[in-house]
Amino acid sequence: MRLLHTSDWHLGQHFMGKTRQAEHQALIDWLLTQVVVLEIDAVLIAGDLFDTGTPPSYARELYNQLVLRLHEAGVGLLLLGGNHDSVAVLGESRALLARLGTHVVPGAEDPSAQVQVLPRRDGTPGAIVCAIPFIRPRDVLQSQAGQSAEDKQLSLQQAIQQHYAAVHAAALAKRDELGLPLPVIATGHLTTVGASSSESVREIYVGALEAFPTSAFPPADYIALGHIHRPQAVGGLEHIRYSGSPLPLSFDEARQEKQMLLVELNANGLQAVTPLPVPCFQPLIAIETSLAGLPAAIGTAAARGTRETPAWLEITIIEDDYLADLPARIQAVCDGWPVEVLRVRKARGSKQA
């Protein structure tokens, strides 16, 4: 079974006044090339397909295009809802998309309904999936009067762990029913202990659950996670992975090497996890410099842009003096270069370049 694990696409993101439509279109084109060249059996998106619960029409069109093109390529798609996704929006076309080989799990539901059998390209079963999306506290927990913050956190952690255990038990029952030695995959859209995030990641269990311990996951062969945008193996465990977002979603992610994960499994379990670097379709560059050093920094950044795709810049100026005409000065330096300044910041303190 050759699975492509990705997450946090955030289709429809409005990035400082800019659309990411062209980047997401290029991402879909790149993905379709990978699934053909690498003979991928299925693609798994572990939450946050959309950036908001009310995605713009072009984002929905990209979503539909992704489904159709994967179907035409003979590749299955398993899509999990994230904290940015609307359960209703993802659920509205669920039955229709199932006819096209796409299985959507918008929100937490009956454990047996969250068990999915991922097929190989030839149609034979390739893996059993505990397809668990973002779990909202109301899905698994009833609040109780008088609970402290610590009690609420512990109750939610226990409830999520129990939900995972129930879905895992249903997955093992499904495997027994099929009578096949299939590997078991679990999914999740949450923060785990030891995960390293970025500024574009929104805290999702504020005041209730800071991070889910890796020991609370069921004993799956591979655990495909979403929500954290930085790709990483959690706590040094090779089988528990965040794929990270395929596009940088904030300037502090601009230096990350974005990737998807090629996951290979068979009857003996996990065989290999191979990162697939995602090309940079739109350069994002964070510059921190003095005004004196700005021309050289802009020249370096401009080497990554083109007239058709100028580099997007966040510029932080290190100066002690108040500069009322700072934006005008920066624009004068940038004129003629294939760059576009999206944000200008003044460094705190009195650092000098």
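See the structure above.
About the thresholds
Residues numbered from 1 in each chain as written. Predicted model: local features only at pLDDT ≥ 70, side-chain atom pairs only at ≥ 80, totals over all residues. Heavy atoms only, no water. Disulfide = S-S within 2.5 Å. Buried < 20%, exposed > 50% of the residue type's maximum accessible area, 1.4 Å probe, protein only. Helix = DSSP H or I, 4+ residues; strand = E, 2+ residues; numbered from the N terminus. Arc of directions from axis to C-beta. Contact = heavy atoms within 4.5 Å. Phe/Tyr/Trp six-rings, centres within 6.5 Å; stacked < 30°, edge-to-face > 60°. Lys NZ or Arg CZ within 6 Å of the ring centre and 35° of its normal. Pairing = 2+ DSSP bridges. Axes fitted to C-alpha atoms, helices over the stretch in contact; angles between N-to-C directions. Salt bridge = Lys/Arg side-chain N within 4 Å of Asp/Glu carboxyl O.

Q: Give me the state of the cysteines: which residues, what numbers.
A: In this structure the tally under the stated criterion is 0 disulfides. Left without a disulfide partner, cysteine 334 is nearest to the cysteine sulfur of cysteine 280, which lies 18 Å away. Here cysteine 334 falls in the buried class, since its relative accessible area comes to 3%.

Q: Break down helix 8 (residues 326-334) for me, citing the residues and quoting the values.
A: For helix 8, the set of buried residues is Leu326, Ile330 and Cys334. One side of helix 8 carries all its buried residues, which in axial view fall inside an arc of 70°. Away from its buried face by more than 90 degrees, helix 8 exposes Ala328 and Ala332. The elements touched by buried residues of helix 8 are helix 7 (294-302), strand 16 (311-317) and strand 17 (339-346). Two residues or fewer past helix 8, glycine 336 is found with a positive phi of approximately 95°.

Q: Quick one: what's the story with the packing of aromatic side chains, residue by residue and with numbers?
A: Each aromatic ring pair is described using two quantities: the centre-to-centre distance and the angle formed by the ring planes. Applying the stated rule across the entire model yields 6 aromatic pairs. On the basis of an interplanar angle of 25° and a centroid distance of 5.8 Å, the ring pair of tyrosine 164 and phenylalanine 212 is categorised as stacked. Residue tyrosine 164 is located in helix 6 (residues 149-178), and its partner phenylalanine 212 is located in the loop between strand 9 (184-189) and strand 10 (222-226); the two are separated by 48 residues in the primary sequence. The same class applies to tyrosine 164 as to phenylalanine 212, namely buried. Taking the centre distance of 5.4 Å and the plane angle of 90° together, the rings of tyrosine 164 and phenylalanine 217 count as edge-to-face. Linking tyrosine 164 in helix 6 with phenylalanine 217 in the loop between strand 9 and strand 10, this pair joins segments that are 53 residues apart in sequence. Assessed through its relative accessible area of 8%, phenylalanine 217 is described here as buried. A network of ring pairs unites the aromatic residues Phe15, Phe251 and Trp312 as a single cluster. Here the guanidinium or amino end of arginine 20 rests over the ring plane of phenylalanine 15, the centre of that ring lying 4.9 Å away.

Q: With reference to specific residues and values, describe unusual backbone geometry.
A: Peptide bonds are trans in most cases, and residues, glycine excluded, mostly fall at negative phi. We note that histidine 10 has phi near 55°; this positive angle belongs to a residue other than glycine. By secondary structure assignment, the location of histidine 10 is in the loop between strand 1 (2-6) and strand 2 (14-15). Overall, histidine 10 belongs to the buried group, its relative accessible area being 2%. Of note in this structure, methionine 16 is not a glycine but carries a positive phi near 50°. Counting through the fold element by element, methionine 16 comes out in the loop between strand 2 and strand 3 (18-19).

Q: Give me the sheet that holds strand 1: which residues, what numbers.
A: The sheet built from 6 strands is open, its strands ordered 6-5-4-1-13-14 with mixed pairing. Each having just a single partner strand, strand 6 (102-105) and strand 14 (269-277) make up the two edges of the open sheet. Taken pair by pair, the neighbouring strands of this sheet meet at an average axis angle of 20°, ignoring direction. Bridging between strand 4 (residues 42-46) and strand 5 (residues 76-80) involves 5 bridges; their strand directions are parallel. Pairing of leucine 44 across the sheet is with leucine 78, part of strand 5. On top of the sheet, helix 1 (residues 21-37) reaches strand 1, strand 4, strand 13 (259-266) and strand 14; it is set at about 25° to strand 13, its chief contact. On top of the sheet, helix 2 (residues 57-72) reaches strand 4, strand 5 and strand 6; it is set at about 145° to strand 5, its chief contact.

Q: Any details on the pattern of salt bridges? Residues and values, ideally.
A: Scanning the model with the defined rule gives 12 salt bridges in all. The partner of lysine 174 in a salt bridge is glutamate 177, and the shortest N-O contact between them spans 3.5 Å. With a gap of 3 residues between them, lysine 174 and glutamate 177 both fall in helix 6, about one helical turn apart. For lysine 174, a relative accessible area of 28% gives the class partly exposed. On the accessibility criterion, glutamate 177 (61% relative accessible area) is exposed. Close ionic contact of arginine 241 with glutamate 238 constitutes a salt bridge, the shortest N to O distance being 2.4 Å. Beyond isolated ion pairs, a larger network of salt bridges with shared partners links Glu314, Arg343 and Arg345.

Q: I'd like to hear about the sheet that holds strand 8 (residues 125-130), residue by residue, with values.
A: Consider a sheet: its strands pair through backbone hydrogen bonds, and that pairing is either parallel or antiparallel. Judged by pairing direction, the sheet is mixed, and its 6 strands sit side by side in the order 7-8-9-10-12-11 without closing on themselves. Whereas interior strands pair on both sides, the edge strands pair on one side only; in this sheet they are strand 7 (115-119) and strand 11 (232-233). Inspection of the sheet shows strand 9 paired to strand 10 by 5 bridges, in the parallel sense. What sits directly across from glycine 188, in strand 10, is leucine 225.

Q: Help me get a handle on the environment of valine 234, residues and values and all.
A: As for its placement among the helices and strands, valine 234 is situated in the loop between strand 11 and strand 12 (240-242). Separated by 41 residues in the primary sequence, valine 234 and valine 193 have C-alpha atoms spaced 7.8 Å apart. Those residues in contact with valine 234 that sit more than four places away from it in its chain are Thr192, Val193, Thr214, Leu225, Ile240 and Tyr242.

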